[in-house]
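Listed below, chain by chain, are the residues.
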Amino acid sequence: AEAYASCDYNGALRRIMALADRANEFVEARAPWALKKDPAKAAELAATCTVSLNLFRQLCIYLGPVLPDLARKAGDLLNASCTSW
């Protein structure tokens, strides 16, 4: 928010991309594609997918000021607004 407020869009996007990298690390470490193969891990799969989708939504919120169409489409997809910090 501070970077956007000071019109430092480059800085804002660098920070957002660093968060996206961390989100990707989370997904890769949890490997939902592997969890799906084991019915005993259904709860872990559900939790991993829930967190992953929430990370995606939060990233779309952060990107909203520069990619408003992405935020709108993600909000429609998730049936949850991606317009408010």
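Residues numbered from 1 in each chain as written. Predicted model: local features only at pLDDT ≥ 70, side-chain atom pairs only at ≥ 80, totals over all residues. Heavy atoms only, no water.

*Asks:* How should I be thinking about the nonpolar core in this particular structure?
*Replies:* In globular proteins that are soluble, nonpolar side chains generally tend to be buried together. Ranked by size, the top nonpolar core spans eight residues in total: Ala3, Tyr4, Ala12, Ile16, Ala20, Ala23, Leu59 and Leu63. Those elements giving two or more residues to this core turn out to be α1 (2–5), α2 (9–30) and α4 (42–63). In this structure, Leu63 is in contact with Tyr4, Leu13, Ile16 and Leu70, ignoring residues within four places of it in sequence. Ile61, Ala71, Ala74 and Cys82 belong to the second-largest nonpolar core, a separate cluster that totals five residues. (Core = buried A, V, L, I, M, F, W, Y, C linked by side-chain atoms within 4.5 Å. Buried < 20%, exposed > 50% of the residue type's maximum accessible area, 1.4 Å probe, protein only. Helix = DSSP H or I, 4+ residues; strand = E, 2+ residues; numbered from the N terminus. Contact = heavy atoms within 4.5 Å.)

*Asks:* Teacher, can you tell me more about the packing of aromatic side chains here?
*Replies:* Working definition: an aromatic ring pair is given by the centre-to-centre distance plus the angle between the planes. Taken as a whole and assessed by the stated rule, the structure comprises one aromatic pair. Here the aromatic rings of Tyr4 and Tyr9 are separated by 6.0 Å at their centres, their planes lie at 50°, and the arrangement is tilted. (Phe/Tyr/Trp six-rings, centres within 6.5 Å; stacked < 30°, edge-to-face > 60°.)

*Asks:* Please clarify how the side chain of Ser52 should be interpreted in this entry.
*Replies:* Following the sequence through the fold, Ser52 ends up in helix α4. Take Ser52: its relative accessible area is 17%, and that puts it in the buried class. Within the structure, the side chain of Ser52 is placed 2.8 Å from the backbone oxygen of Thr48, a separation counted as a polar contact. The residues touching Ser52, leaving out its near neighbours within four places in the chain, are Phe26 and Val27. (Polar contact = N/O pair within 3.5 Å; in protein donor to acceptor, adjacent residues only side chain to side chain.)

*Asks:* Would you explain the packing of α4 against helix α5 (residues 68–78) in this entry?
*Replies:* Each pair of packed helices can be summarised by the angle the axes make with each other and by the distance between the axes. One way to put it is that α4 packs onto α5 with a least axis distance of 8 Å and a crossing angle of 150°. As summarised for this structure, α4 and α5 are arranged roughly antiparallel, according to the angle between their axes. In the crossing of α4 with α5, the sense of the turn from one axis to the other is left-handed. Residues Leu53, Phe56, Arg57, Cys60 and Leu63 of α4 lie in contact with α5, whose contacting residues are Leu70, Ala71, Ala74 and Leu78. Per-class residue counts for the contact of α4 with α5 are eight nonpolar, no polar and one charged. (Axes fitted to C-alpha atoms, helices over the stretch in contact; angles between N-to-C directions. Parallel < 35°, antiparallel > 145°, perpendicular 65-115°, else oblique. Left-handed = near helix turned anticlockwise from the far one by under 90°. Nonpolar A, V, L, I, M, F, W, Y, C, P; charged D, E, K, R; others polar.)

*Asks:* I'm lost on α4 in this one. Help?
*Replies:* Think of an α-helix as 3.6 residues a turn; residues three or four steps apart then line up on the same face. For α4, built from 22 residues, the straight-helix expectation of 32 Å at 1.5 Å per residue is met to within 8% by its first-to-last C-alpha distance of 31 Å. Of all the positions in α4, only Thr48, Ser52, Leu59, Cys60, Ile61 and Leu63 are classed as buried. The secondary structure elements touched by the buried residues of α4 are α1, α2, α3 (32–35) and α5. (Expected span 1.5 Å × (residues − 1).)

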